[in-house]
Every structure is written in structure tokens, then in C-alpha cells.
Amino acid sequence: MHDILSPLIFRNGVTARNRIAVAPMTTHQSHEDGSLSDAELDWLAPRAAGGFGAVITCAVHVALEGKGWHGELGAFDDRLIPDLTRVSDTIQGEGAAAIAQIFHGGLRSPRELLPSAALSASDDPQTGARAATEADILRVVDQFVSAAKRAEAAGMTGVEIHGAHGYLLTQFLSRTQNRRTDHWGGSYENRARLLRMITRAVRAQVSDAFVVGVRLSPEDSGSAVGLDLDESLQLARELCDDGIDYLHVSLWDVTPNTTKRPDKHAIPLFKQSVDPNVPIMVAGKIWTAEDALRAMQLGSDAIALGRAAILNPDWPKSVATPHFSPRKPGLSRAEFWKLGLSDPFIDALAQRPNFVTDA
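Now for a look at the structure at hand. (Residues numbered from 1 in each chain as written. Predicted model: local features only at pLDDT ≥ 70, side-chain atom pairs only at ≥ 80, totals over all residues. Heavy atoms only, no water.)

1. A few points about the overall build of the chain
Okay, step 1: Helix and strand counts for the chain stand at 14 helices and 12 strands.
Okay, step 2: Taking 359 residues into account, the globule formula puts the C-alpha radius of gyration at 21 Å, and the chain, at 19 Å, falls close to it.
Okay, step 3: Dimensions along the principal axes, computed over C-alpha positions, put the chain at roughly 55 × 45 × 40 Å.
Okay, step 4: Relative to its 359 residues, the chain shows a buried fraction of 61%.
Okay, step 5: Per element, the accessible surface of the chain, about 13600 Å² overall, is 50% carbon and sulfur.
Okay, step 6: Of the side-chain charges in the chain, 36 are positive and 44 negative, and the distance between the mean point of each set is 3 Å. (Helix = DSSP H or I, 4+ residues; strand = E, 2+ residues; numbered from the N terminus. Rg over C-alpha atoms; globule rule 2.2 N^0.38 Å. Buried < 20%, exposed > 50% of the residue type's maximum accessible area, 1.4 Å probe, protein only. Areas by Shrake-Rupley, 256 points an atom, 1.4 Å probe, with all protein chains shown as cover. Lys, Arg positive; Asp, Glu negative; His and termini not counted. Charge placed at Lys NZ, Arg CZ, Asp CG, Glu CD.)

2. Description of the sheet that holds strand β3 (residues 20-22)
Okay, step 1: Around the barrel, which closes on itself, the eight strands sit in the order β3-β4-β5-β8-β9-β10-β11-β12 with parallel pairing between neighbours. When strand polarity is set aside, the average angle formed by the axes of neighbouring strands in this sheet is 25°.
Okay, step 2: Sheet topology note: the strand β10 (residues 246-250)/strand β11 (residues 280-283) ladder contains four bridges and is parallel. Bridge pairing in β11 links His-248 to Met-281.
Okay, step 3: In the packing of helix α3 (residues 81-92) onto the sheet, contacts are made with β4 (54-61) and β5 (97-103), and the angle to β5 comes to roughly 145°. (Pairing = 2+ DSSP bridges. Axes fitted to C-alpha atoms, helices over the stretch in contact; angles between N-to-C directions. Contact = heavy atoms within 4.5 Å.)

3. Digging into the pattern of salt bridges
Okay, step 1: Following the criterion strictly, the structure yields 20 salt bridges and no others.
Okay, step 2: The salt bridge partner of Arg-200 is Asp-242, with a shortest N-O separation of 3.4 Å. You can see Arg-200 sitting in helix α7 (residues 193-205) and its partner Asp-242 sitting in the loop between α8 (229-241) and β10, a full 42 residues away along the chain.
Okay, step 3: Residue class for Arg-200 comes out partly exposed when judged on its relative accessible area of 38%.
Okay, step 4: You can call Asp-242 buried: its relative accessible area is 6%.
Okay, step 5: Sharing partners across several salt bridges, the network here consists of Glu-65, Arg-130, Asp-136 and Arg-139. (Salt bridge = Lys/Arg side-chain N within 4 Å of Asp/Glu carboxyl O.)

4. Observations concerning α3
Okay, step 1: Compared with the 16 Å implied by 1.5 Å per residue over 12 residues, the 16 Å span of α3 between its first and last C-alpha is a close match.
Okay, step 2: Those residues of α3 lying buried are Asp-83, Leu-84, Val-87, Ser-88 and Ile-91. Along the axis of α3, the buried residues cluster in a sector spanning 140°; they form a single face.
Okay, step 3: Buried positions along α3 lie against α2 (38-49), β4, β5 and α4 (134-153). (Expected span 1.5 Å × (residues − 1). Arc of directions from axis to C-beta.)

5. A short note on the pairing of β10
Okay, step 1: Burial analysis of β10 places five of its five residues in the buried class, the great majority of the element.
Okay, step 2: Burial of β10 is two-sided: the residues Tyr-246, His-248 and Ser-250 facing one way and the residues Leu-247 and Val-249 facing the other way are all buried.
Okay, step 3: Sheet topology note: the strand β9 (residues 211-216)/β10 ladder contains four bridges and is parallel. Note on β10: the bridge partner recorded for Val-214 is Leu-247.
Okay, step 4: Assessed by its sense of winding, the connection that carries the chain from β10 through helix α9 (residues 266-273) to β11 is right-handed. (Right-handed = clockwise from strand over helix to strand, strands pointing away.)

6. A word on the layout of surface pockets
Okay, step 1: Size it by volume and the largest pocket reaches roughly 860 Å³.
Okay, step 2: As for the largest pocket, its lining consists of 35 residues, of which Pro-24, Met-25, Thr-26, Trp-252 and Arg-352 are closest to the centre.
Okay, step 3: Elements represented by at least two residues in the lining of the largest pocket include exactly β4, β12 (302-305), α11 (307-311) and α14 (343-349).
Okay, step 4: Counted by class, the lining of the largest pocket contains 18 nonpolar, 12 polar and five charged residues. (1 Å grid on protein atoms, 1.4 Å probe; cavity = no way out; pocket = protein on both sides within 12 Å on 5 of 7 lines; lining within 4 Å. Points joined across faces, edges and corners; volume = space filled by probe spheres on them. Nonpolar A, V, L, I, M, F, W, Y, C, P; charged D, E, K, R; others polar.)

Structural measurements only, silent on function.
Below you can see the structure in the form of C-alpha cells.
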């Protein structure tokens, strides 16, 4: 277990105490105005205390027009800096690195939550989203930068720019959702322009000691569509040039090889593509020590746990125990309460088969 429990050094020199992170998850636990709830802190604190090296927050929207769901934490206004400070103090107070995931929902933002029609790379009749204008796009860049600066002002260790899972930045990367004919669409270079511009702008506007990461979906999966593996590998290389301190590859499941190259696994492909000083974090159905070790053996520098972290807040402290067997679904609502979850989060988990026994 030495490799998993050894410190993780980001490219800028910031160190996390180990290579195990809490993956960003949708919790629905904050207030409708984007402010923090005590319930969110009650969820985060046990994971930080449980020994995770880094805790990545739920996706935090950078703009009112990018809100993705009810009960979402925000970073779109200076009034939210004290809330982000409470998050940072809670996580870092337990010895973990505090990373805010910043995002814009794009066409995945429900119309009823927005002040106006959703933005996307192109018009989307199904959702009513409209193609972003040049002014919209430049405003989005500024919104990501402002959110990152608020996170730094709040004392967070860093931010993770969410370029995965079919949200706005993925919509621009997509060969199918992005049907633009201007310099924001068409070629790979044009489709990658927005994410790369945001990454460079954030890097330029925060201090060298502030961690900047990016999360990517390597291929089509779920709501992420129109993605090409080779383009994702090229993007990973270029994001290193743009100044990222780590790359988070969201695999959903770390076991299978890639769709485009069935004889190749994604982890070594990304490891070969990025700057050797940029650590790679992976997520995707990692439950056991054996799962984690396999990901590390394939070339991952760190792992992010989602469901395993929900059910096992002390996973990092327990993993070195002989015969460690992490808790699996399903649990009762009362058991989830004891693990620090509130009803809105439990209600969301209950949509998964057999996750909550008394849903």
C-alpha cells in the first residue's frame, strides 16, 4: 500500500498527504441561492478526517446561467467567498487538500433554474439551449477566472476545471454537439479553444502556489458525447502546456480498455501523453485496495473515490488494514445519516438500484 499512501506532489510543488481523493459528486445539499449549508460541511468533514489526501467538492457553478441542479453550491459572486472559506477551513483543518471543482452546465442546466435560456456550443432544440455568442463565450471565460480567484481568496488549495461529463466545456469539445462554423467550432483546435483559453486564463490569474487541475472524459460515456480518444490525448498534452498541475481522467469504470483501441487501457495512454511532472488522477468504480493498486500499476498517480467514499469515509485509514473489505450498497437511510449524508443526497442516491434499502 506504500504507493497509494505516499504523498502526492502536484506539478507546482503543493503536496497532498496521500494519493487518495474524494471524487467530486452531486450532493444537492446546499441552498438554492448557491450558499453553503451545514449539511454539506457535515458530508465533507468526515472524509477529510478519514484520511483522504484531497477532497474535491461538488461541482460549483461559476454563473447563475450555468447552474446544473437544485441545491448546488456556487462560486459566482463575492458574497459566496465566506462559504467557500468554511469549506476550505473544514477540509484543510483535517489535513486534506481542498479543491473546488468549478463548472458551467451549458445545455444540461435545467431551464427552470436559470434566469434565461441555457448556453451551449450550438442551438439545441431539445433543451432550448441557444448557441453562445462571442460575447457569451468571453463572459464564460471571465466567470471561470473569477470563480477560481474566489476559491483562492477563500484559502482553497486549488480548483478543478470540469471539462467532462457533457457539461458546457465538453459540449464545445464535442464533434456532434458543437456544430459551429466559426473559430470556436469545426476543427479540433477550434473545439478545444474554450477549455484551453479558460485554463490559461485561470493559471495566469491565480498564484503559482494555487493548484489548477482539469477533469476530462476520454471518450463517449453517458452525457459526454462526440468525444474522440486521440483528441482527448492531444488535449491532455496541450493542457500541460497551458499550466495544469494535475489531470483528472474520469473513466466511470477503470476495468475495461478503451472503446477506440480495445487492446489499450486509457491510463497508460494518458500517462504517455502528459508531462511527467503532471500527475494523473483516475476515477471509476474503485472500491478495494486491489482496484486502487491496479490503477496505480497501469500508471495512475492518484485515485478518486466516489461511491466508495460515500460508504467508507475512513477508506484511506482502513486500506492498510489486513483483509480490509469496504462497505458496499445498500444501506438504510438511517445508516446514511450516520455517514454524514442529508436527505437530498440520499434521495439522489436512491435513484440508483439497490443503493438505499428503504428509499
